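# Analysis of the macromolecular model
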Amino acid sequence: MNSTPFPATPTHSAYDVVVIGGATSGSAVAWYLATNPDFTGSVLVVEREPSLKNSATMASNNCMRQQFATEINIEIAQYAAEFVKNFRENLGGGSEIPHLPIRNFGYLYLADNDEFAETLRQDQRLQASTGAGTTILSREEIAAKYPFYRVDDIVAGSLNTVDEGAFDALVMVDWYRRKAREHGVDYIENEVVSISRTGDRIDTLTLASGEVIAAGTVVDAAGTRAAHVARMAGVDLPIEARRRYTYIFSAERPLAQDLPLTIDPTGVHMRSYGAHDYLVGCPPSHDDPAVDVDDFDYPEDIWENKMLPVITKRLPELGAVTVTNSWVGHYEFNTFDHNAIIGPHTEVPNLFMCNGFSGHGSQQAPACGRGVAELITYGEFRTLDLSALSHRRIAENRPLVERAVI
């Protein structure tokens, strides 16, 4: 992160909008507000760890895909792809703003049974109806296109190489921050430690440094800490931190072409990383419990017991492989239906949600950040209707389940 340091204390004692969390989603909200000529209010972003060292953003695998099982997530992904491909122009067009390409090696879901193959076919029909370029491949077609796979146990696969792959999410959040600050948004390195309500509305926020800030609207974009923020406001969110492992490895015999982001039936996923290396990731081996937001330990030998056997079986052409880096990150996992929560809380109308992304935050932040900014400015969505992701579905127990969660 190359932005100039944040001050510790705010410039003002009252703001029209206070965003709690200054990573990708919070900074997207702030930038969209600040650059909208119809929004004339003041914005404060409170970020407890500006380096994002232990954030979901920093641990992100920087992925981009349209292969989802719900229409709204496909549309959000398509918005993200267009936003990223036109990043310089979208951020103002200055030559100092980098281009932000998508490395389109594609996503390939592998099915080892007829039931999951049929699920992939159903999802492909939905994706195709929205303009996504997903195709279903037979075992033989996979082998012909990607001869380095061992696929004798595979029934079919789902592949899209158009706007599916990886991009640099850290560059995106860095420039969101830079441009939001240029347009008058105040960022501070601090933490909200309590929230005061009168009836159904938030009045003030108290910072760790002691200041009390009056807020017209509060945006909970706190990632894995979103439920903690909500509890300070007296409400609950079905969000918890879930551990995810990522390893980077080199290979004795690198492949002659990019490795698509391959979702193996075991739940392990692999893809090209850099010029010659590879990334492999997965959830825990057995249960997938909630963990403390500050717990980044490795409680199991996930490499030896889960990752390496899959790499060796699925990609025998790589030969010997060597770990060069690894990290543990967290999903802000929405246990209700694995989908983002966007817009006001049903019990506290000036508490807005931009959280619950369940591993998809980096690519969903552009559309969802814009959506929250539009709700605050206009009281309605104007670019993409995200009402299916409102908190009301949780209050009314109407889950919109996204099954395509890796």
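Residues numbered from 1 in each chain as written. Predicted model: local features only at pLDDT ≥ 70, side-chain atom pairs only at ≥ 80, totals over all residues. Heavy atoms only, no water.

## With respect to the UniProt feature "domain: FAD dependent oxidoreductase" (unreviewed entry) in the protein
In this numbering, the UniProt entry assigns the feature "domain: FAD dependent oxidoreductase" (unreviewed entry) to residues 16-375. With 28% helix and 30% strand, residues 16-375 has its two end C-alpha atoms placed 14 Å apart. (UniProt positions renumbered as here; feature names shortened; annotations may be inferred. Helix = DSSP H or I, 4+ residues; strand = E, 2+ residues; numbered from the N terminus.)

## Description of the environment of A169
Position of A169 among the secondary structure elements: in helix α6 (residues 169-182). With a relative accessible area of 0%, A169 lands in the buried category. Here the alpha-carbon distance between A169 and C63, two residues 106 residues apart in the chain, equals 8.4 Å. When residues no more than four places from it in sequence are discounted, the contact partners of A169 are N62 and S362. (Buried < 20%, exposed > 50% of the residue type's maximum accessible area, 1.4 Å probe, protein only. Contact = heavy atoms within 4.5 Å.)

## A short note on the packing of helix α1 (residues 24-34) against helix α9 (residues 361-378)
One can describe the packing of α1 onto α9 by two numbers: an axis separation of 8 Å at closest approach and a directional angle of 45°. One element, α1, and the other, α9, form an angle in the oblique class. Crossing angle aside, the handedness with which α1 passes α9 is right-handed. Residue-level inspection shows T24, S25, A28, V29, Y32 and L33 of α1 in contact with α9, the latter providing S362, A365, P366, G369, R370, V372, A373, I376 and T377. (Axes fitted to C-alpha atoms, helices over the stretch in contact; angles between N-to-C directions. Parallel < 35°, antiparallel > 145°, perpendicular 65-115°, else oblique. Left-handed = near helix turned anticlockwise from the far one by under 90°.)

## Re the side chain of S272
Among the secondary structure elements, S272 is positioned in strand β14 (residues 269-273). Within the structure, S272 has its side chain in polar contact with the backbone nitrogen of L259 (distance 2.7 Å). Among all residues touching S272, those that are not within four sequence positions of it are R103, F105, D258, L259, D277 and Y278. (Polar contact = N/O pair within 3.5 Å; in protein donor to acceptor, adjacent residues only side chain to side chain.)

## Structural notes on the environment of K306
Secondary-structure assignment places K306 in helix α8 (residues 302-314). Look at K306 and you get buried, because its relative accessible area is 13%. For the pair K306 and P283, spaced 23 residues apart in the sequence, the C-alpha separation amounts to 9.8 Å. What K306 contacts, discounting residues up to four positions off in sequence, is T266, V268, C282, P283, P284 and S285. Within the structure, the side chain of K306 is placed 3.3 Å from the backbone oxygen of P283, a separation counted as a polar contact.

## Thoughts on the packing of aromatic side chains
Aromatic ring pairs are described here by two measures, namely the spacing of the ring centres and the angle between the planes. By the definition in use, this model includes 16 aromatic pairs. Ring centres 6.1 Å apart and planes at 75° place the aromatic pair W31 and F83 in the edge-to-face group. Of this pair, W31 sits in helix α1 while F83 sits in helix α2 (residues 71-85), placing them 52 residues apart in sequence. Taking the relative accessible area as the measure of exposure, W31 reaches 6% and is therefore buried. Aromatic pair Y247 and W303: ring centres 5.6 Å apart, planes at 25°, arrangement stacked. Here Y247 is found in strand β12 (residues 239-251), whereas its partner W303 is found in helix α8, with 56 residues between them in sequence. Summarising the burial analysis for this pair, Y247 and W303 share the class buried. Aromatic rings pair up to connect W31, Y32, Y79, F83, F87 and Y176 into one cluster. Between R65 and the ring centre of F68, over which it is positioned, the NZ or CZ distance is 4.1 Å. (Phe/Tyr/Trp six-rings, centres within 6.5 Å; stacked < 30°, edge-to-face > 60°. Lys NZ or Arg CZ within 6 Å of the ring centre and 35° of its normal.)

## Regarding the nonpolar core
V43, F83, V219, I342 and C354 are the most contacted members of the largest nonpolar core, which has 51 residues in total. If you list the elements that add at least two residues to this core, you get β1 (14-20), α1, β2 (43-47), α2, α6, β19 (351-355) and α9. In this structure, V151, M270, W303 and V310 belong to the second largest nonpolar core, which totals 30 residues. (Core = buried A, V, L, I, M, F, W, Y, C linked by side-chain atoms within 4.5 Å.)

## Regarding the packing of α2 against α9
Direction vectors running N to C along α2 and α9 enclose 100°, while the axes themselves pass 8 Å from each other. When the axes of α2 and α9 are compared, the pair comes out roughly perpendicular. Between α2 and α9, the contacting residues are N73, I76, A77, Y79, A80 and F83 on the first element and Q363, Q364, P366, A367, C368 and R370 on the second.

## Some points on the domain arrangement of the protein
Domain annotation for the protein reports domain 1 (14-60 + 169-238 + 336-396) and domain 2 (103-165 + 240-333). For domain 1 and domain 2, the distance between their C-alpha centroids amounts to 31 Å. Contact with domain 1, which involves 13 residues of that partner, is made by 11 residues of domain 2. Across the interface of domain 1 and domain 2, roughly 1100 Å² is buried in total on both sides, 56% from carbon and sulfur atoms. Of all residues in domain 1, A59, T224 and S358 give up the largest surface area on contact with domain 2, accounting jointly for 39% of the area buried on that side. At the junction of domain 1 with domain 2, the criterion picks out 1 salt bridge. Put simply, D294 and R225 hold a salt bridge, and the shortest N to O gap is 2.7 Å. Between the two partners, domain 1 and domain 2, sit 3 residue pairs in polar contact (both at pLDDT 80 or more). Split by residue class, the side of domain 1 that touches domain 2 holds 4 nonpolar, 8 polar and 1 charged. (Domains from an automatic or database assignment. Buried area = accessible area lost by both parts, 1.4 Å probe. Salt bridge = Lys/Arg side-chain N within 4 Å of Asp/Glu carboxyl O. Nonpolar A, V, L, I, M, F, W, Y, C, P; charged D, E, K, R; others polar.)

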